[in-house]
There are 2 protein chains.
Amino acid sequence: MYNDLIPAFQIGGIVAAPKGNMSYRDIKKVVLDRIQNRIWGPDSLLPGEIELAEEFSSTRTTVNRALRELAEEGFLERKRKAGTRVLHSPARKAQFAIPLVRDEITDAGATYRYSLVKREVMPAPSWLTAKLALKPDREVLHLQCMHFADNEPFQLEKRWIIVESVPEVLEADFTASGPNDWLVQKVPFSNLELSFFATKADEDTAGFMDASVGDPIFATQRTTWLRGEPVTHAVLYFTPGYKMTTRL
Amino acid sequence: MYNDLIPAFQIGGIVAAPKGNMSYRDIKKVVLDRIQNRIWGPDSLLPGEIELAEEFSSTRTTVNRALRELAEEGFLERKRKAGTRVLHSPARKAQFAIPLVRDEITDAGATYRYSLVKREVMPAPSWLTAKLALKPDREVLHLQCMHFADNEPFQLEKRWIIVESVPEVLEADFTASGPNDWLVQKVPFSNLELSFFATKADEDTAGFMDASVGDPIFATQRTTWLRGEPVTHAVLYFTPGYKMTTRL
DNA sequence: ATTCTCTTTTTGTGTAGACAAAAAGGGGTC
DNA sequence: GACCCCTTTTTGTCTACACAAAAAGAGAAT
């Protein structure tokens, strides 16, 4: 019944601190275990760092690191003078890897292929001007690209790059590799907004993906700024049936 | 042009280390700034901790903490003996808050209302048995609940709870508050799988949400284990147009 | 009771030094 | 070259101590 999350020195469900010196990892495991087994229930106050250091025959520094990390992970809340408290809804935070499409595909063991569908320099469409708070009549480079996994359509990328923010982009060649690769190499980024939503395949999208008009499509949207200046906005449409998964 | 991400002691775009002692936060800012301004470009090797400690007139311990955290945040890769290297795709990790539905709604300033739609004790459907690797013929409690924001349908929750793993669940009353609240209070959790996908509103779902059959629906799926034993599986269907957003 | 100030507790962070552990690189052997 | 062993560099972690800073709580003044 007990699996690998339970520290090795637990016997019969009772958490015992081992005699020897414990690393901050060991301490994290014991504390997390006590939280999960309601020894320290929701909202309850943990002993102070010094007291815990004595129990684990460790030092305050080490206990501090263990508790600090558990707090970062969303299990505890710490306040000076008030002490350390167990949060009632644990793991409020999920961490997602946001890989490059190519990595996502090759990591899955499939062959990656890229194809540029459309390239167009144009005035910023009004929705983009509004969304990014652009000054009026900015020029943007609009690109549409397809990413294939084992020659099956995997992702349709629609991207807009603000020319004023990255003038060199007009000279870049996107026939062989995608704009993401180029941007990552060329532009230091500073700020990112990421969102997920569901949409319907329109005729255009359905044509590129292996989809029928009206199919539900999982999509993500990314906007990137560099020191407050918008650089690029991209919408990524995934193949029907795509599921984004994480474990914690 | 330079905004708040740039440390205060930067002058004219050139990063200068101040004379006085720097905190690990200061060091993080300077290092991050150098990464973003390509002073330390992608794949380049940073100086060792001791050297940096001298530059910042700090100690290795403090520099270590700064670099360690930047590595956790996805900017750097550190390996013993090989040193610290700048990753080419920064911020590969996005952190998401996974709030309780109630919090999500009340935090947005709306009024939360809950309603139990269906409660049924049944043998585990075969897809669930397969998905969770259950022993055959387990009993599950199936629930369907609606969550409203300002009396508009916000989320439809379909949940299955493995009775064997949490026998007390049969006595719980879910007419006033949802199973999530109960589970969070009652069951220590240990392991979670979370996934996002797009689906179509079927007739049943469309009836509960303010949707038409065929509308694209953003949905999330959560499976929870306790020490290797599956506890509950839930699918949450959001109202059409819902967007999940994060910034980093 | 309210507001203010002061004290005190608790976590936050920095310093200095030590040893551990991973892993790259060198040198040798086959 | 391929393989193996040893050295050495670099990060990982622990200890012990110090002072800083937030914030709760007590007590005084109003």
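What you see is a predicted model, and the numbers here were worked out from it, not measured in a lab.

(A) Focus on the protein's contact with DNA strand D. Of all residues adjacent to DNA strand D, which total 23 residues, the nearest are Ser23, Tyr24 and Arg25 of chain A together with Arg60 and Arg78 of chain B. Among the atoms of DNA strand D close to the protein, meaning within 4 Å, 67% are from sugar or phosphate groups. The contact in question runs from a sugar or linking oxygen of DNA strand D to an N or O atom on the side chain of Arg80 of chain A, over 3.3 Å. Every element with two or more residues in the surface near DNA strand D is listed here: helix 1 (24-36) and helix 3 (60-72) of chain A together with helix 3 (60-72), strand 1 (76-79) and strand 2 (83-86) of chain B. The element that contributes the greatest number of residues to the surface near DNA strand D is helix 3 of chain A, accounting for 4 residues. Among the residues forming the surface near DNA strand D, the class breakdown is 1 nonpolar, 10 polar and 12 charged.

(B) The packing of aromatic side chains, seen in detail. Per the counting criterion, the structure on display carries 18 aromatic pairs over all chains. Pairing Trp127 of chain A with Trp160 of chain A gives two aromatic rings, centres 4.9 Å apart and planes at 90 degrees, and the pair type is edge-to-face. You can see Trp127 of chain A sitting in helix 5 (residues 126-132) and its partner Trp160 of chain A sitting in strand 6 (residues 152-162), a full 33 residues away along the chain. The class for Trp160 of chain A is buried, based on a relative accessible area of 9%. Put simply, the rings of Phe154, Phe196, Phe218, Phe238 and Tyr242 of chain A together with Phe154, Phe196, Phe218, Phe238 and Tyr242 of chain B touch in pairs and so form one group of aromatic residues. One Lys or Arg, Arg65 of chain A, reaches over the ring of Tyr24 of chain A and ends 3.9 Å from the middle of that ring. One cation-aromatic arrangement involves Arg113 of chain A over Phe148 of chain A; the distance from NZ or CZ to the ring centre is 4.2 Å.

(C) Just the packing of helix 3 of chain A against helix 3 of chain B, in detail. Closest axis-to-axis distance for the helix 3 of chain A/helix 3 of chain B pair is 14 Å, and the angle between their directions is 30 degrees. Classed by the angle they form, the pair helix 3 of chain A and helix 3 of chain B counts as roughly parallel. Like other packed secondary-structure pairs, helix 3 of chain A and helix 3 of chain B cross with a definite hand, here right-handed. Of helix 3 of chain B, the residues touching helix 3 of chain A (which contributes Arg65, Arg68, Glu69 and Glu72 of chain A) are Arg65, Arg68, Glu69 and Glu72 of chain B. A breakdown of the residues in the contact of helix 3 of chain A with helix 3 of chain B according to their chemical character gives no nonpolar, no polar and 8 charged.

(D) Representation of the interface of chain B and chain A within the structure. Listed per partner, the contact involves 59 residues of chain B and 60 residues of chain A. Buried surface at the junction of chain B and chain A, summed over both partners, amounts to about 5300 Å²; 54% is from carbon and sulfur atoms. On the chain B side of the interface with chain A, the three residues burying the most area are Phe189, Phe196 and Arg227 of chain B, jointly 13% of the side's total. In this structure, the connection of chain B to chain A is made through 2 salt bridges. Ionic pairing is found between Arg247 of chain B and Glu193 of chain A, a salt bridge with its closest N-O pair at 2.8 Å. Linking chain B with chain A are 6 residue pairs in polar contact (both at pLDDT 80 or more). Secondary-structure elements contributing two or more residues to the side of chain B that touches chain A are helix 3, strand 3 (93-97), helix 6 (179-186), strand 7 (191-200), strand 8 (216-226) and strand 10 (243-247) of chain B. Ranked by the residues each element gives to the side of chain B that touches chain A, the list is headed by strand 7 of chain B, at 10 residues. A breakdown of the residues in the side of chain B that touches chain A according to their chemical character gives 29 nonpolar, 16 polar and 14 charged. With 5 bridges connecting them, strand 10 (residues 243-247) of chain A and strand 7 of chain B associate as antiparallel partners. Paired with Thr246 of chain A across the strands is Leu194 of chain B, a residue of strand 7 of chain B.

(E) Geometry of the UniProt feature "domain: HTH gntR-type" (unreviewed entry) in chain A. Here, UniProt's "domain: HTH gntR-type" (unreviewed entry) annotation points to residues 21-89 of chain A. A helix fraction of 48% and a strand fraction of 12% characterise residues 21-89 of chain A, whose end C-alpha atoms lie 31 Å from each other.

(F) Broad picture of the domain arrangement of chain A. One can read the domain layout of chain A as domain 1 (1-92) and domain 2 (101-238). A C-alpha centroid distance of 44 Å is found between domain 1 of chain A and domain 2 of chain A.

(G) Highlighting the relation of the copies chain B and chain A. By a simple turn and slide, chain B fits onto chain A: the slide is 0.0 Å along the axis, the RMSD is 0.2 Å, and the turn is 180 degrees. What we have between these two chains is a two-fold relation. Take the interface residues of chain B: 100% of them recur as interface residues in chain A, which is what a same-surface contact looks like.

(H) View of the pairing of strand 9 (residues 229-238) of chain A. All names here are of chain A. Burial runs high along strand 9: 9 of the 10 residues are buried. When strand 8 (residues 216-226) meets strand 9, the two strands line up antiparallel, connected through 8 bridges. Paired with Arg222 across the bridge in strand 9 is Ala234. Hairpin remark: strand 8 followed by strand 9, antiparallel, with 2 residues in the connecting loop; positive phi at Arg227, about 50 degrees.

(I) Molecular detail of the protein's contact with DNA strand C. Surrounding DNA strand C, one finds 23 residues, the nearest of these being Arg60 and Arg78 of chain A together with Ser23, Tyr24 and Arg25 of chain B. Of all atoms in DNA strand C that approach within 4 Å of the protein, 67% are sugar or phosphate atoms. Measuring from a phosphate oxygen of DNA strand C, one finds a backbone N or O atom of Tyr24 of chain B at 2.7 Å. Arg25 of chain B is positioned with one of its side-chain polar atoms (N or O) 2.6 Å from a phosphate oxygen of DNA strand C. When contributions to the surface near DNA strand C are tallied by element, the ones reaching two or more residues are helix 3, strand 1 (76-79) and strand 2 (83-86) of chain A together with helix 1 (24-36) and helix 3 of chain B.

Definitions and cut-offs
- Residues numbered from 1 in each chain as written.
- Chains lettered and ligands numbered in written order.
- Predicted model: local features only at pLDDT ≥ 70, side-chain atom pairs only at ≥ 80, totals over all residues.
- Heavy atoms only, no water.
- Near = heavy atom within 4 Å.
- Polar contact = N/O pair within 3.5 Å; in protein donor to acceptor, adjacent residues only side chain to side chain.
- Helix = DSSP H or I, 4+ residues; strand = E, 2+ residues; numbered from the N terminus.
- Nonpolar A, V, L, I, M, F, W, Y, C, P; charged D, E, K, R; others polar.
- Phe/Tyr/Trp six-rings, centres within 6.5 Å; stacked < 30°, edge-to-face > 60°.
- Buried < 20%, exposed > 50% of the residue type's maximum accessible area, 1.4 Å probe, protein only.
- Lys NZ or Arg CZ within 6 Å of the ring centre and 35° of its normal.
- Axes fitted to C-alpha atoms, helices over the stretch in contact; angles between N-to-C directions.
- Parallel < 35°, antiparallel > 145°, perpendicular 65-115°, else oblique.
- Left-handed = near helix turned anticlockwise from the far one by under 90°.
- Contact = heavy atoms within 4.5 Å.
- Buried area = accessible area lost by both parts, 1.4 Å probe.
- Salt bridge = Lys/Arg side-chain N within 4 Å of Asp/Glu carboxyl O.
- Pairing = 2+ DSSP bridges.
- UniProt positions renumbered as here; feature names shortened; annotations may be inferred.
- Domains from an automatic or database assignment.
- Least-squares fit on C-alpha atoms with pLDDT ≥ 70 in both.

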